[in-house]
Amino acid sequence: MTVLLKGKLANKVRLQRPNVVRRQGERQLRLAVADVADGVALWRLWGRLGWNDILQRYRRSLLGPLWLTASMGIMVLALGVVYARILKMALDDFMPFLCVGLLIWSIISSVLTEAGTLFIGAESYIKQIRLPYSVYVCRFMWSKTIIFAHNFVIYLGIVIYFKLQPGGAVLCAMPGFILILLNGALTSLYVGMVSARFRDVPQLIASIVQIVFFMTPIMWKPELLGSKSVLMTFNPFYHLVEIVRAPLLGQVPSAENYIALGLISMANFLLAAVLFVRFRARISYWV
Amino acid sequence: MTQSILALDHVSVSFPVYQGGSRSLKKRLLSRGSAGRIARDSNDRIIIDALHDVSLSLESGDRLALIGENGASKTTLLRVLAGIYEPVRGTVSCHGRISPMFDIGLGIDPDLSGYDNIRMRGLLLGLSSQEIGELMPGIAEFTELGDYLDVPVRTYSSGMTLRLTFAVATCFEPEILLMDEWILAGDAHFMDKARARIDSFVRRASVLVLATHNLDVCRRWCTKGLWLQQGQVRAFGTISDVIEKYQDRAL
């Protein structure tokens, strides 16, 4: 069905059913792989851009990026004292648990809520110069990592104050954190793409993240669910948090956590790969 | 036999216009749920054919002027050449490094110093830190900003900012240079000084594609012309032929 508009634009504008774009799939796959490889190789560029994103926000303020640490520290302190009392738990047990949980949650939630602006926010770049799209993803994850590093100082403070001795298990935190970053990169890639096309996705995600925060054991311990604590097996965010929180508190994450992470990573990878291969070329049209 | 450096083969580009409605997920889901009845109108997207079946081939040494009225899709064609828009149909092939010069202010952060902005811009253009280091003295000299390069660009006057961006944008060796016309529209006083630099910059490029309304600029720099009208090629050939046809269009 093709309806021609009358008037001056008649030659240019047509109303029509959306036409399906067909291209050689194999070529798109190669371009998508090249995009990721080239993007990662441009680490100097995204390193600088990501670092700049942080500096920009705190420029000319006295504390600079340490504001991140300060505001997070105050939140951990306030929530810790109040909720330890509400939940009738010992402060030296609850405070480290809450602190580590909030640190990890802050990176997960900021990745999810801000991924929507990943490509939309880089419109001026995307429309002016051809850069691998993965550069924007790396820049995003890099700036999130920097923020996490600033917040991490609080954990060190807690370790010293409560005289924690996490022992050798703490070594498991690093691979766990890398898994979180990997999943963050994959998720932000497809969330960024879908958000560029459908502009209500960022709002949708923001409201879901809010709910997930209360559903995930961060402010409360999973044991409080009692016989229903098995429910947490089906909460992917529980595993994402636990994979780093447990080692930082001196326990090795369970096999269940690792299996869950494997499944989550696989699902994220498939989703990101399919969408990126299929729609990579459309991103510049969408933003 | 000369090899084509930049070639378009039957390239078409069309833009779906996501007018509020069709961009929302709600409309999508509603139209699914109602077998396409309720939101049918918004699902019948408007599609603008920006480029239609454009073919061209450029060899080393070619200087192409894109001529056409406003809305003739000159900028879209430049962006297709730059690889920003991948065409809906047809293929773009290119051998060599593309240097797009559409927005010379891209990546300029007002809170960074002049030097840092030069480095940032260099990275965006794909230069290594070492290359940037080598080019730095020449850039600094051209801008005549001296010690100002150490303070944030925020404090510069607009003329100073223009000098900085211009110097950075023209500091490297272009291979395939794509330029949009308004680059040339600086303030007259500065452009006198810039003219010599941009002349030599453009001459160093092995292929130039310039979108412009200014026929004098075309004659001075270009050897070939392409007249675009509403996304279609009206004429492609030597610059004098194309300009002649373009000027006869109203008659």
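Cut-offs applied
- Residues numbered from 1 in each chain as written.
- Chains lettered and ligands numbered in written order.
- Predicted model: local features only at pLDDT ≥ 70, side-chain atom pairs only at ≥ 80, totals over all residues.
- Helix = DSSP H or I, 4+ residues; strand = E, 2+ residues; numbered from the N terminus.
- Buried ≥ 20, exposed ≤ 12 C-beta atoms within 10 Å, placed from the backbone.
- Contact = placed C-beta atoms within 7 Å.
- Domains from an automatic or database assignment.
- Axes fitted to C-alpha atoms, helices over the stretch in contact; angles between N-to-C directions.
- Parallel < 35°, antiparallel > 145°, perpendicular 65-115°, else oblique.
- Nonpolar A, V, L, I, M, F, W, Y, C, P; charged D, E, K, R; others polar.
- pLDDT = per-residue confidence, 0-100.
- Left-handed = near helix turned anticlockwise from the far one by under 90°.

Here's the deal with the overall build of chain B
Piece 1. Each helix and strand counted, chain B has nine helices and nine strands in total.
Piece 2. The buried share among the 251 residues of chain B stands at 38%.
Piece 3. Restricting the contact set of chain B to residue pairs at least 6 apart, pairs at least 24 apart contribute 73%.

Things to note about the domain arrangement of chain B
Piece 1. Per the domain assignment, the segments of chain B are domain 1 (4-13 + 57-97 + 211-248) and domain 2 (103-173).
Piece 2. Here the C-alpha centroids of domain 1 of chain B and domain 2 of chain B sit 30 Å apart.

Looking at the packing of helix H4 (residues 91-114) of chain A against helix H7 (residues 133-161) of chain A
Residues and elements named next belong to chain A.
Piece 1. Contact geometry of H4 with H7 gives a least axis separation of 10 Å together with a crossing angle of 175 degrees. In terms of orientation, H4 and H7 fall into the roughly antiparallel class. Touching Met-95, Pro-96, Cys-99, Val-100, Leu-103, Ser-106, Ile-107, Ser-110 and Val-111 of H4 are Lys-144, Phe-148, Asn-151, Phe-152, Ile-154, Tyr-155 and Ile-158, all from H7.
Piece 2. Its residues assigned to classes, the contact of H4 with H7 comprises twelve nonpolar, three polar and one charged.

Notes on the confidence of the model for chain A
Piece 1. Residues at a pLDDT of 70 or more form 91% of chain A, whose mean pLDDT is 88.
Piece 2. Counted against residues more than four places away or in other chains, residues 1-23 of chain A, with its pLDDT under 50, gives 26 contacts.

Some thoughts on the packing of helix H8 (residues 173-197) of chain A against helix H10 (residues 236-248) of chain A
Residues and elements named next belong to chain A.
Piece 1. Running from N to C, H8 and H10 cross one another at 160 degrees; their axes reach a closest spacing of 8 Å. Classified by the interaxial angle, the pair formed by H8 and H10 is roughly antiparallel. The hand of the H8/H10 crossing is left-handed. Of H10, the residues touching H8 (which contributes Ala-173, Gly-176, Phe-177, Leu-179 and Ile-180) are Leu-240, Ile-243, Val-244, Pro-247 and Leu-248.

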